[in-house]
Amino acid sequence: MAGTPLVVAADAGMLSATNLKALDELECLFIVGSRVTKAPVDLESHFHWYGDVFTDGQIIDTVTPRHGNTKVNNTALRAEPVWKSDTHPGAWRAIWAYSAKRARRDQKTLAAQEARARAIVDGTKAAKSARFVKTRGNDRSLDEATLARAQSLVGLKGYVTNVAAEVMPAAEVIAKYHDLWHVEKSFRMSKSDLRARPMFHYTRDAIEAHLTIVFTALAVSHAIQARTGLSIGKVVKQLRPLRSATITINGSTQTFPPEIPPGQQEILTHLGFKPGY
């Protein structure tokens with residue numbers, strides 16, 4: 001691909017063999033969040049040699065199969081395979097990071113889920129579908145194996161990418177993925193402040209025109225936020241009360257500019273409007 005390639009960052013909702021293949025065929029680079037259930041396969045060598053022991057901040061750069069029936073790890077080797085597109089056509093690059101802080105948070109969540117499951121099994125809580133509850137007919141029991149597996153994976157976060165290690169080190173891949181919150185913030189802004197939805201259009205031209213206006217406004221909003229250091233909602237709230245008045249008496253028209261308080265004037269100055277504009 002000529003020039004700088006497009007890099008798509010997305011959460012685990014984008015993680016499917018079809019989606020990743022389509023992005024790769026379009027010559028797009030991608031960084032997609034993985035699911036913790038994939039860790040036992042991706043980290044098979046680590047679990048074989050070291051068990052479920054990880055150190056805080058540990059990063060493991062390895063590979064993940066593109067399809068569930070493909071085996072790409074060799075547990076006979078201690079070293080994790082280094083992903084390359086030509087040598088691993090049946091795999092993507094996978095990066096797993098362990099955080100002690102995340103582990104504590106995961107343990108707290110698991111404890112709550114286990115308590116709920118035990119309450120359902122004991123009959124002290126209404127029977128509903130819940131994690132770690134096995135149901136066979138009218139009998140319910142605690143799924144000890146699934147619980148143990150989940151406990152062995154606490155603190156892990158995975159990422160799947162087709163960006164080669166020589167292009168982007170593992171730590172940078174993780175950092176780029178964590179910039180995803182900027183995109184998510186933009187989507188929230190477009191749906192709320194910019195009224196992208198609900199959309200009351202039915203023809204392609206009208207829909208495209210509506211979204212063009214929304215994304216243009218989004219670009220302007222980001223520029224305003226960058227210059228003022230305030231959210232677009234706060235800027236609008238501060239500037240909306242400012243009104244000029246035009247009065248006509250006996251054929252004579254006079255326009256009076258608004259009286260601008262210092263706080264609002266500071267915002268306007270950041271946007272390039274000088275006092276007395």
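I will try to describe carefully the structure that is included in this document. (Residues numbered from 1 in each chain as written. Predicted model: local features only at pLDDT ≥ 70, side-chain atom pairs only at ≥ 80, totals over all residues. Heavy atoms only, no water.)

A look at the packing of aromatic side chains
Two aromatic rings are characterised by how far apart their centres lie and by the angle between their planes.
1) Next: One pass over the full model with this rule turns up four aromatic pairs.
2) Next: For the pair Phe47 and Phe54, a centre-to-centre distance of 5.9 Å together with 80° between the ring planes defines the contact as edge-to-face.
3) Next: With a relative accessible area of 12%, Phe54 lands in the buried category.
4) Next: Ring plane angle 15° and centroid distance 5.5 Å describe the contact between Phe54 and Tyr98, whose orientation is recorded as stacked. You can see Phe54 sitting in the loop between helix H3 (44–50) and strand S3 (59–65) and its partner Tyr98 sitting in strand S4 (residues 91–98), a full 44 residues away along the chain.
5) Next: Among the residues examined, Tyr98 registers a relative accessible area of 16% and is labelled buried. (Phe/Tyr/Trp six-rings, centres within 6.5 Å; stacked < 30°, edge-to-face > 60°. Buried < 20%, exposed > 50% of the residue type's maximum accessible area, 1.4 Å probe, protein only. Helix = DSSP H or I, 4+ residues; strand = E, 2+ residues; numbered from the N terminus.)

Some words on the sheet that holds strand S1 (residues 7–10)
Backbone hydrogen bonds are what pair the strands of a sheet, in a parallel or an antiparallel way.
1) Next: Judged by pairing direction, the sheet is mixed, and its five strands sit side by side in the order S1-S2-S7-S4-S3 without closing on themselves. Across the chains shown, the open sheet's two edge strands, defined by having one partner strand only, are S1 and S3. Each adjacent strand pair in this sheet contributes to an overall mean axis angle of 20°, direction not counted.
2) Next: Two strands pair when backbone bridges link them, and S1 and strand S2 (residues 29–33) are joined in this way by four bridges, in the parallel orientation. When the bridges of S2 are listed, Ala9 appears paired with Ile31. (Pairing = 2+ DSSP bridges. Axes fitted to C-alpha atoms, helices over the stretch in contact; angles between N-to-C directions.)

Some thoughts on the nonpolar core
1) Next: Formed by 20 residues in total, the largest nonpolar core has its most connected members in Ala39, Leu43, Phe54, Trp96, Phe132 and Leu156.
2) Next: Non-local contacts of Phe54, meaning those with residues more than four positions away in its chain, are made with Leu43, His46, Phe47, Ile60, Tyr98, Ser152 and Leu156. (Core = buried A, V, L, I, M, F, W, Y, C linked by side-chain atoms within 4.5 Å. Contact = heavy atoms within 4.5 Å.)

What to know about the pattern of salt bridges
1) Next: A full pass over the atoms with the stated rule returns six salt bridges.
2) Next: A salt bridge links Arg93 to Asp61, with the shortest nitrogen-to-oxygen separation between them at 2.6 Å. Separated by 32 residues along the polypeptide, Arg93 in strand S4 and Asp61 in strand S3 bring together distant segments of the chain.
3) Next: For Lys84, the salt bridge goes to Glu166, with nearest N and O atoms at 3.7 Å. (Salt bridge = Lys/Arg side-chain N within 4 Å of Asp/Glu carboxyl O.)

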